[in-house]
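Structural characterization, general
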Amino acid sequence: MATLALVACAGEPAPPEPAPPLSAYVIGSGDRIKITVLEIENMTVETDVATDGSVDLPLVGSIRVAGRTTTEVRTVLAERLARDYVKDPKVNVEVAKYRPFYVLGQVNKPGSYPFEPELDIRKAAAIAGGFNRRADTDAAYLVREVDGQNDRRRVGLGTRVFPGDVIEIDRRLF
């Protein structure tokens, strides 16, 4: 009987993990960021993060931003500007456009979609045209890059989606 209970639990999705705030979001290739340096007109730039994870900026050149939060990029940029160009620079960095998320499998319109804050897997499936008749509507697989590796796990539909995530809606068994 105990073995049967363990087998029944093995297919259950993991409960939603507490989602980190979007302010902890790590910038990546495909994002568009806006950088503003107060009191320097030509230093307001909106640019896409290149595939190598960098952006090119006036005065300071190329800066690697991938793998950093907006706060970390702001600190690096302020240090570089203070070292060579501006006394006590006031820098602001924000994500102007997040990279898309992807929905695959048993939905009516699989594909890539623009990220929206406060998005969970259920809403993402709705954006992708809803579940088709063969879909497992209890859980999904979420593939997210963690420390440079793809982490794939079965999660509940209330799990928060982040930019770049891949959601796989599986077939139900019956």
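Residues numbered from 1 in each chain as written. Predicted model: local features only at pLDDT ≥ 70, side-chain atom pairs only at ≥ 80, totals over all residues. Heavy atoms only, no water.

**Considerations on the confidence of the model for the protein**
Put simply, the protein has an average pLDDT of 86, and 86% of its residues get 70 or more. Summarising per-element confidence for the protein, the mean pLDDT is lowest in helix 1 (residues 2-10) (39) and highest in strand 7 (residues 111-113) (97). In the model, residues 1-10 has pLDDT below 50 throughout and makes 0 contacts with residues more than four positions away in sequence or in other chains. (pLDDT = per-residue confidence, 0-100. Helix = DSSP H or I, 4+ residues; strand = E, 2+ residues; numbered from the N terminus. Contact = heavy atoms within 4.5 Å.)

**Quick look at the packing of aromatic side chains**
Tallied over the full model, the rule gives 3 aromatic pairs. A ring pair is formed by Tyr-25 and Tyr-98, whose centres lie 5.1 Å apart and whose planes are at 75 degrees; its orientation type is edge-to-face. Taken together, the residues Tyr-25 in the loop between helix 1 and strand 1 (32-37) and Tyr-98 in the loop between strand 5 (91-97) and strand 6 (101-105) connect sequence positions 73 residues apart. Tyr-98 carries the same exposure label as Tyr-25, and that label is buried. Among the aromatic residues, those joined into a ring-pair cluster are Tyr-25, Tyr-98 and Phe-115. We note Arg-152 situated over the ring of Tyr-141; from NZ or CZ to the ring centre the distance is 3.9 Å. The ring of Tyr-141 has Arg-154 lying over it, and the distance from NZ or CZ to the ring centre is 5.9 Å. (Phe/Tyr/Trp six-rings, centres within 6.5 Å; stacked < 30°, edge-to-face > 60°. Buried < 20%, exposed > 50% of the residue type's maximum accessible area, 1.4 Å probe, protein only. Lys NZ or Arg CZ within 6 Å of the ring centre and 35° of its normal.)

**Describing a positive patch on the surface**
Together, Arg-133, Arg-134, Arg-171 and Arg-172 make up a positively charged patch on the protein surface. Topologically, Arg-172 is positioned in the segment after strand 10 (166-169). (Patch = residues over 30% accessible without salt bridge, like charges linked within 9 Å, V, L, I, M, F, W, Y side chains within 5 Å. Areas by Shrake-Rupley, 256 points an atom, 1.4 Å probe, with all protein chains shown as cover. Salt bridge = Lys/Arg side-chain N within 4 Å of Asp/Glu carboxyl O. Lys, Arg positive; Asp, Glu negative; His and termini not counted. Charge placed at Lys NZ, Arg CZ, Asp CG, Glu CD.)

**Remarks on the nonpolar core**
Of all hydrophobic cores here, the largest spans 41 residues; its most connected members are Val-103, Ile-121 and Ile-167. Listing elements by their share of this core, those giving two or more residues are strand 1, strand 3 (54-57), helix 2 (70-84), strand 5, strand 6, helix 3 (121-127), strand 8 (139-146) and strand 10. Top element by residues in this core is helix 2. It accounts for 4 residues. Apart from residues no more than four positions distant in its own chain, Ile-121 is found in contact with Ala-140, Leu-142, Val-155, Gly-156, Leu-157, Thr-159, Val-161, Ile-167 and Ile-169. (Core = buried A, V, L, I, M, F, W, Y, C linked by side-chain atoms within 4.5 Å.)

**Here we look at the sheet that holds strand 10**
One open sheet holds the 5 strands; their spatial order is 7-6-10-8-9, and the pairing between them is mixed. Each edge of the sheet is formed by a strand with only one pairing partner; in this case those strands are strand 7 and strand 9 (149-156). Strand-to-strand twist in this sheet, taken as the mean axis angle between neighbours without regard to direction, amounts to 25 degrees. The pairing of strand 8 with strand 9 spans 8 bridges and is classified as antiparallel. By the bridge assignment for strand 9, Ala-140 is matched with Val-155. (Pairing = 2+ DSSP bridges. Axes fitted to C-alpha atoms, helices over the stretch in contact; angles between N-to-C directions.)

**As for the sheet that holds strand 1**
Strands sit in the order 2-1-5 across an open sheet of 3 strands; the sheet is antiparallel. Both edges of this open sheet fall to strand 2 (45-48) and strand 5, since each of them pairs with a single strand only. Each strand of the sheet is rotated relative to its neighbour by a mean of 25 degrees, with strand direction disregarded. Here strand 1 pairs with strand 5 via 6 bridges, running antiparallel. Bridge pairing links Lys-34 to Glu-94 in strand 5.

**What about unusual backbone geometry?**
For residues besides glycine, phi is generally negative; the peptide bonds are generally trans as well. Positive phi values are uncommon outside glycine, yet Leu-59 reaches one of about 70 degrees. Tracing the backbone shows Leu-59 in the loop between strand 3 and strand 4 (61-64).

**Let's talk about the pattern of salt bridges**
Evaluated as defined, the whole model comprises 10 salt bridges. Between Arg-160 and Glu-118 there is a salt bridge, and its shortest N-O distance comes to 3.8 Å. Of this pair, Arg-160 sits in the loop between strand 9 and strand 10 while Glu-118 is found in the loop between strand 7 and helix 3, placing the two residues 42 residues apart along the sequence. Here Glu-168 and Arg-152 are joined by a salt bridge, their closest N and O atoms 2.7 Å apart.

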